[in-house]
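An overview of the molecular structure
If you want the building blocks of each chain, they are given just below.
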Amino acid sequence: MEHHHTVQKKYLAQWVSNELSQNNFWVYSIPENKIIEREPDWKGFKQKDFNVLDEEEDNFYLPEKVTALIDSLGIQAIRRINPSVQNQLQGYDRCYLSFYIALQYIRTPRHREELDKFIEATTLKFMRADLNTPEKIKVSKKDLLEARPRNEAEKRSLERALAMSDDELKKEIFEFIHGKDIRIKLTNSGHSKSMLKVNRLAKNIFDIQWVFLAPVNRTAFITSDNPCYTVPTQKTKTGVGILSENAMSFFPLRPDLCICLVPKYKSQREYFNKLDRKGVREINQGTLENSYQSVIAKEKAHLEHLTRKYDHKNHRSTRDTIVRELGDYILFSNV
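Residues numbered from 1 in each chain as written. Predicted model: local features only at pLDDT ≥ 70, side-chain atom pairs only at ≥ 80, totals over all residues. Heavy atoms only, no water.

**A look at a negative patch on the surface**
So the rule is basically this: The residues that make up patches have over 30% relative accessible area and no salt bridge, and they are joined within 9 Å when like-charged or within 5 Å when they are Val, Leu, Ile, Met, Phe, Trp or Tyr. Method for areas: the Shrake-Rupley scheme with a 1.4 Å probe, in which residue coverage is limited to the protein chains shown. Salt bridges, as used here, are contacts in which a Lys or Arg side-chain nitrogen is within 4 Å of a carboxyl oxygen on Asp or Glu. Residues scored as positive are Lys and Arg, those scored as negative are Asp and Glu, and His as well as the terminal groups of each chain are ignored. Each charge is placed at NZ for Lys, CZ for Arg, CG for Asp and CD for Glu. Each helix is a run of DSSP H or I of at least 4 residues and each strand a run of E of at least 2, with the numbering of both proceeding from the N terminus. Only protein chains enter the accessibility calculation, which uses a 1.4 Å probe; a residue is then buried when its area is under 20% of its type maximum, exposed when over 50%, and partly exposed in between.
Negative charge collects at one region of the surface, where Glu135, Asp143, Glu146, Asp166, Asp167 and Glu168 lie side by side. At three residues, the largest contribution of residues to the negative patch is made by helix α7 (residues 166–177). Within the element layout of this structure, aspartate 143 appears in helix α5 (residues 141–144). Here aspartate 143 falls in the partly exposed class, since its relative accessible area comes to 44%.

**Here we look at the nonpolar core**
Heads up, the rule is: Among buried residues, the Ala, Val, Leu, Ile, Met, Phe, Trp, Tyr and Cys ones that are joined through side-chain atoms within 4.5 Å form a nonpolar core.
In terms of nonpolar packing, the biggest core is built from 39 residues, with Leu97, Ile101, Trp210, Phe212, Leu253 and Ile259 touching the most fellow members. At seven residues, the largest contribution of residues to this core is made by helix α3 (residues 93–106). In terms of nonpolar packing, the next biggest core, distinct from the first, is built from eleven residues, Val211, Phe250, Cys260 and Val280 among them.

**Considerations on the pattern of salt bridges**
Throughout the structure, instances matching the rule amount to 17 salt bridges. A salt bridge links lysine 46 to aspartate 41, with the nearest nitrogen and oxygen atoms 3.2 Å apart. For lysine 46, a relative accessible area of 22% translates into the label partly exposed. We note a salt bridge from aspartate 320 to lysine 117, for which the minimum N-O separation is 2.8 Å. Taken as a pair, aspartate 320 in the loop between α11 (300–307) and β12 (321–326) and lysine 117 in helix α4 (residues 109–130) lie far apart in primary sequence, 203 residues in all.

**Some thoughts on the side chain of aspartate 225**
Going by this rule: Any N or O atom pair separated by 3.5 Å or less is treated as a polar contact, with the protein-specific requirement of one donor-capable and one acceptor-capable atom, and with residues adjacent in sequence counted only for side-chain atom pairs. The contact rule is simple, with two residues in contact once any of their heavy atoms fall within 4.5 Å.
Note that aspartate 225 resides in the loop between β6 (223–224) and β7 (229–232). Among the polar contacts made by the side chain of aspartate 225, one reaches the main-chain amide nitrogen of glutamine 293 at a distance of 2.7 Å. There is a polar contact of 3.1 Å between the side chain of aspartate 225 and the backbone nitrogen of serine 294. Residues within four places of aspartate 225 in sequence aside, it is in contact with Val7, Phe45, Thr108, Ser291, Tyr292, Gln293 and Ser294.

**Looking at the packing of aromatic side chains**
Note the following rule: Any pair of Phe, Tyr and Trp rings, taking the six-membered ring for Trp, is counted once the centres come within 6.5 Å. Such a pair is stacked with planes under 30 degrees apart, edge-to-face with planes over 60 apart, and tilted for the rest. Over a ring means this: the NZ of a Lys or the CZ of an Arg is within 6 Å of the ring centre and within 35 degrees of the ring normal.
Counted under the stated rule, the structure contains eleven aromatic pairs. Centroid distance tyrosine 92 to tyrosine 96: 6.0 Å. Interplanar angle 25°. Geometry classified as stacked. Judged by relative accessible area, tyrosine 92 falls into the exposed class, the value being 59%. Its relative accessible area of 25% is what places tyrosine 96 among the partly exposed residues. One aromatic cluster in this structure is built from Tyr11, Trp15, Tyr100 and Phe251. Here the guanidinium or amino end of arginine 269 rests over the ring plane of tyrosine 271, the centre of that ring lying 5.8 Å away.

And the structure:
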């Protein structure tokens with residue numbers, strides 16, 4: 001069993017407060033509402049077997065090998081960007097960075113939880129509509145006789161089901177489907193396989209306009225355990241994704257550099273902009289609000305100033321999925 005970084009260690013190392021020691025940075029822990037000192041290999045940015053194919057006998061860690069390659073090429077591309085020169089990216093760097101952004105957008109616990117919420121909402125909506133009476137449940141005790149329980153809990157559940165009549169079994173399943181205790185989500189393999197399809201998202205990111213933002217002197221960008229996030233550019237009752245034309249995405253690449261994706265424009269070009277203190281502060285506030293459980297800064301004072309009045313008790317680590325019926329259409333959205 002391995003622990004995998006949900007945010008790359010070398011990326012986090014750019015925020016160390018002492019570049020000579022390379023072993024610490026400042027973290028604001030939202031659940032604890034306190035600032036602590038940690039290192040890039042901190043367990044708070046790791047998940048046990050986060051990025052594996054559970055159901056595969058071979059290539060169990062294939063997704064981790066893929067992410068390691070993307071991480072390596074991506075961080076090298078990030079280090080080569082020079083906002084003072086403002087040249088277009090050279091060679092394959094735009095390609096590498098497209099993959100890096102796409103991967104970081106989907107690899108975090110926040111993204112996984114939001115995806116699970118979305119899958120649960122859509123599945124339950126249509127399943128409950130199809131199975132709106134116990135009579136529509138197509139299962140019988142005969143079907144269960146061939147089941148092979150994988151653990152003691154499944155064995156007990158199977159024994160209980162086999163003690164029921166067919167009508168009792170259907171009623172039990174119906175009540176469970178329409179009850180509050182049912183939970184539906186992707187397996188770890190299901191989430192990890194999406195990382196093997198990251199090229200699709202990377203291709204679309206490659207095709208849109210990028211703006212590199214640099215802070216004024218004596219200011220810096222912070223980052224988080226969900227560093228790549230999307231915000232709407234106008235008021236909307238629906239959620240926005242990284243490719244939504246009414247949204248922009250932000251990803252602090254270094255303390256002195258943040259990328260902004262603008263899907264509205266398909267230009268395949270990079271632009272550079274210098275932000276004043278107010279602009280840097282607004283992006284840092286967005287990074288804090290869109291984090292999962294923690295944010296990082298190179299200077300402790302930056303976190304102290306940013307979080308002094310932050311309402312940590314009402315922090316939303318993930319968005320919820322809402323369901324709207326619009327005539328014959330059903331809209332699912334994370335907001």
